[in-house]
Amino acid sequence: MESTDDPAGVAGGPRGAESGTGHVRRALRRERLLTTATDLFTTRGYVGTSIERICATAHVSIRAFYQEFEGREALLIALHNQVARDGMEATLASLDGAGIDEADTRTRVTALVRAYVGAVTADLASAKVAFVEVIGVNRAVEDHRVVWRSLWTDFLTGEADRAVGRGEAVARDYTLAMVALIGAINELIAHWARSGGTVPREVVADEMIQQVLATIGHPTGPGPGAGVRAVRADEGA
């Protein structure tokens, strides 16, 4: 008896090949729209860039644009998502580094921050869109940003709790502190992007590391835990 299964798609032959080609064309078209929008948003600004201009520059019909995105706002959110996701994935990947699980707070924060900064500043134009052009667009975009801030708040609060457990941070509720820290981090990257990337990325990362350590009450100078031990000694006096 002959099998009716066709795992290789042979029976579909040309139709399967045509479908695959269509998916590739659509993916390339979407990427072209994203790349074009990034360039236009950073040169003309989000407000000054229309869907018509994006389509004309990308050589994509307006009808094809709406097959990919509900509108200009959705396109902006997609661009922000790319950078935000890259930053989160790089940060989480750094946790797999050798010795990170046992590392002191300064070492761990340094690894996390350098991974994050390296990812979100990999492309200047993309960073400018994600940290500058995205600000104050409308409620939907702000709601999207709030989702990411919530994710980062949970992550950073968890890192602070870990530091507390190691005796390397002051014990308290860090939720609001992390909300404030995320705002400072966003503005730091926005400043870097507005300056055209003239500030070395290593300097940006170093400043961010100091901000994180200061927020959790960890000493920003050499000597892990020294500042926390000093505070506790004073409290017991």
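Residues numbered from 1 in each chain as written. Predicted model: local features only at pLDDT ≥ 70, side-chain atom pairs only at ≥ 80, totals over all residues. Heavy atoms only, no water.

Student: Help me understand empty space enclosed by the protein, please; the structure alone is not making it clear to me.
Tutor: It is a probe the size of a water molecule, rolled over the atoms, that shows where empty space is left. Scanning the model with the defined rule gives one cavity of 30 Å³ or more in all. Reported here for the largest cavity is a volume of approximately 440 Å³. As for the largest cavity, its lining consists of 29 residues, of which Tyr116, Trp152, Leu156, Ile182 and Ile185 are closest to the centre. Mapped onto the lining of the largest cavity, the elements with two or more residues apiece are helix H4 (72-94), helix H5 (105-120), helix H6 (124-133), helix H7 (139-165), helix H8 (175-194) and helix H9 (201-215). Ranked by residues supplied to the lining of the largest cavity, first place goes to H7 with ten residues. When the residues that make up the lining of the largest cavity are grouped by side-chain class, the tally is 20 nonpolar, four polar and five charged. (1 Å grid on protein atoms, 1.4 Å probe; cavity = no way out; pocket = protein on both sides within 12 Å on 5 of 7 lines; lining within 4 Å. Points joined across faces, edges and corners; volume = space filled by probe spheres on them. Helix = DSSP H or I, 4+ residues; strand = E, 2+ residues; numbered from the N terminus. Nonpolar A, V, L, I, M, F, W, Y, C, P; charged D, E, K, R; others polar.)

Student: Help me understand the packing of H7 against H8, please; the structure alone is not making it clear to me.
Tutor: Relative placement of two packed helices is described by the angle separating their axes and the distance separating the axes. At their nearest, the axes of H7 and H8 sit 9 Å apart, and the two run at 120° to each other. When the interaxial angle is binned, H7 and H8 end up oblique. Helix-helix and strand crossings are classified by hand; for H7 and H8 the assignment is right-handed. Contacts between H7 and H8 involve Arg145, Arg149, Trp152, Thr153, Leu156, Thr157 and Ala160 from the first element and Thr175, Met178, Val179, Leu181, Ile182 and Asn186 from the second. The residue makeup of the contact of H7 with H8, split by class, is seven nonpolar, four polar and two charged. (Axes fitted to C-alpha atoms, helices over the stretch in contact; angles between N-to-C directions. Parallel < 35°, antiparallel > 145°, perpendicular 65-115°, else oblique. Left-handed = near helix turned anticlockwise from the far one by under 90°. Contact = heavy atoms within 4.5 Å.)

Student: Would you mind showing me how to read the nonpolar core here?
Tutor: One recurring pattern in soluble globular proteins is that nonpolar side chains are buried together. Counting 37 residues, the largest nonpolar core has Val113, Tyr116, Phe131 and Met208 as its most contacted members. Contributions of two or more residues to this core are made by H4, H5, H6, H7, H8 and H9. Here this core takes nine residues from H8, the largest share from any one element. Other than its neighbours up to four places away in sequence, Val113 contacts Ala205, Met208, Ile209 and Val212. With 22 residues, the next largest nonpolar core counts Leu34, Ile51, Val129 and Val141 among its residues. (Core = buried A, V, L, I, M, F, W, Y, C linked by side-chain atoms within 4.5 Å. Buried < 20%, exposed > 50% of the residue type's maximum accessible area, 1.4 Å probe, protein only.)

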